[in-house]
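# Topology and contacts: notes
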Amino acid sequence: MGVDLRQVVAGILTITMFVMLGQMIKRDHFDSLQDKLPGEAQDSQFDNANLIENDGLVTLSKRSKGPWIEDSQELKPCWSKTFDEIEQSKGYVTFSLTNGPEYHVSQIADAVVVARYLGANLVLPDIRGSKPGDERKFEDIYDVEKFIISLDGVVKVAKELPSDISIRNLAAVKVPNRVSEDHILENVEPIFKSKGNIRLATYFPTVNMRKTAQKSSVDSVACLGMFGTLELQPQVNEVVDSMIERLRTLSRKSGGQFIAVDLRVEILENKNCHGSGSTGAPKSCYNAQEIAVFLRKVGFDTDTTIYLTQSRWDNSLSVLKDIFPKTYTKESIMPEDKKGKFLESEDSEFEKVIDFYICSQSDVFVPAISGLFYANVAGKRIASGKPQILVPADIPGTSAPITNYLSPYVAKKNHLAYSCFC
């Protein structure tokens, strides 16, 4: 009995579609995982001669080896630049920035929204690390004057709490990330009116940063707080710039382009990575070997330069370096005269900030770990026209198109940043 060639082709196409659908589902799961976080309520290969587009979202670069994606046009803020005058109270809202820059952007946004709604003065926050007594001033990392100027006409910013107000008398109030007007009205305003001054803390019921269909009058304030207030102070920015320049120098064969991978061994060891790939269950994190295989299968050359957020070299990373010899951590690319302050101190806050901003500016970003770092780096990249975010996966076969693994935040344009920029 003869075989109908058309039936064979149809069968192959059907199988291919199911494989691609499976990969898309895994990417969505990577974005939507909800992890228990600090402060929570519970205390392929490509022909480089061809230009390939994916629904107008990305364009593959022809200027160098590998499936590099070109930058898109930088988006412009959609939020209102003018705000109505509000009745100003004499009260103050204080808060601290904690757990690293991926939390800072959300904490700032919530504090600005709350202070604006209450008509309160917003006190410049301090920065607290993970260890007891690990505290820094805001100006140690961020630009104070630019922060204050960015909020002019929105909320009044005080550099410190007046001396006649005791910290002990501040009422502690917790709010969920992306706090709503209703929550402030019901849970914050009564306390503020009663006590006069509050100390705010943000908790994170979820780590995803998807935009919502529901519009609110606080949206413009939240967008400004998240994307328009924080800039690095000059000394920290200089270190970040010098490290990026070093990575581009090491990447001459790929046109100065490099990949940043958020891969931290201590988190991989302590995190319960869901699924094993082989069982079909989705995964929330990938180790060095899995990242190396993924990058090769989507077409990156072994000469590609890779930056890892891991602070110091760990033997488990050797398998990645065996495949991609130009793999670096901070200790190998940071200027020697900066290591004493930014790398060798007991405070890791500087290291977190450096990672966040390098990952935001790299030519490609690959989150080996699902979470808020991935979500808020994605937001910063979307805002600056850098949609090159690849969500890793266990790829069947020897190769696959890179556009299959573009982050759903970008492919579906469902990140909160798309509500703030246009």
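Residues numbered from 1 in each chain as written. Predicted model: local features only at pLDDT ≥ 70, side-chain atom pairs only at ≥ 80, totals over all residues. Heavy atoms only, no water.

An unreviewed UniProt entry lists the protein chain under the name O-fucosyltransferase family protein, with Corchorus olitorius given as the organism.

### A word on the environment of serine 316
Among the secondary structure elements, serine 316 is positioned in the loop between β9 (305-308) and α9 (318-323). Within the structure, the side chain of serine 316 is placed 2.6 Å from the side chain of aspartate 314, a separation counted as a polar contact. (Helix = DSSP H or I, 4+ residues; strand = E, 2+ residues; numbered from the N terminus. Polar contact = N/O pair within 3.5 Å; in protein donor to acceptor, adjacent residues only side chain to side chain.)

### Notes on the side chain of arginine 264
Turning to its location among the elements, arginine 264 is positioned in the loop between β8 (258-262) and α7 (265-270). By relative accessible area, arginine 264 is classed as buried at 16%. Setting aside its immediate chain neighbours within four residues, arginine 264 contacts Thr309, Gln310, Ile369 and Phe373. (Buried < 20%, exposed > 50% of the residue type's maximum accessible area, 1.4 Å probe, protein only. Contact = heavy atoms within 4.5 Å.)

### A look at unusual backbone geometry
We note that asparagine 99 has phi near 65°; this positive angle belongs to a residue other than glycine. Summarising the element assignment, asparagine 99 is placed in the loop between β1 (92-98) and α2 (101-118). Classification of asparagine 99 as partly exposed rests on a relative accessible area of 22%. Even without glycine at this site, arginine 178 takes up a positive phi of about 65°. Structurally, arginine 178 can be placed in the loop between β6 (171-176) and α4 (181-195). Residue class for arginine 178 comes out partly exposed when judged on its relative accessible area of 30%.

### Considerations on the state of the cysteines
Summed over all chains, the structure comprises two disulfides. Put simply, cysteine 78 and cysteine 422 are joined by a disulfide, and their sulfur atoms are 2.1 Å apart. Here cysteine 78 is found in the loop between α1 (5-32) and β1, whereas its partner cysteine 422 is found in the segment after α15 (417-420), with 344 residues between them in sequence. A relative accessible area of 35% places cysteine 78 in the partly exposed class. Given the relative accessible area of 58%, cysteine 422 is considered exposed. The partner cysteine of cysteine 223 in its disulfide is cysteine 420, sulfur to sulfur 2.0 Å. Where cysteine 223 bonds to cysteine 420 through sulfur, the torsion about that S-S bond is close to -75°, and the disulfide is left-handed. Of this pair, cysteine 223 sits in helix α5 (residues 219-227) while cysteine 420 sits in helix α15, and the two are 197 residues apart along the sequence. For the pair formed by cysteine 223 and cysteine 420, the shared burial category is buried. (Disulfide = S-S within 2.5 Å.)

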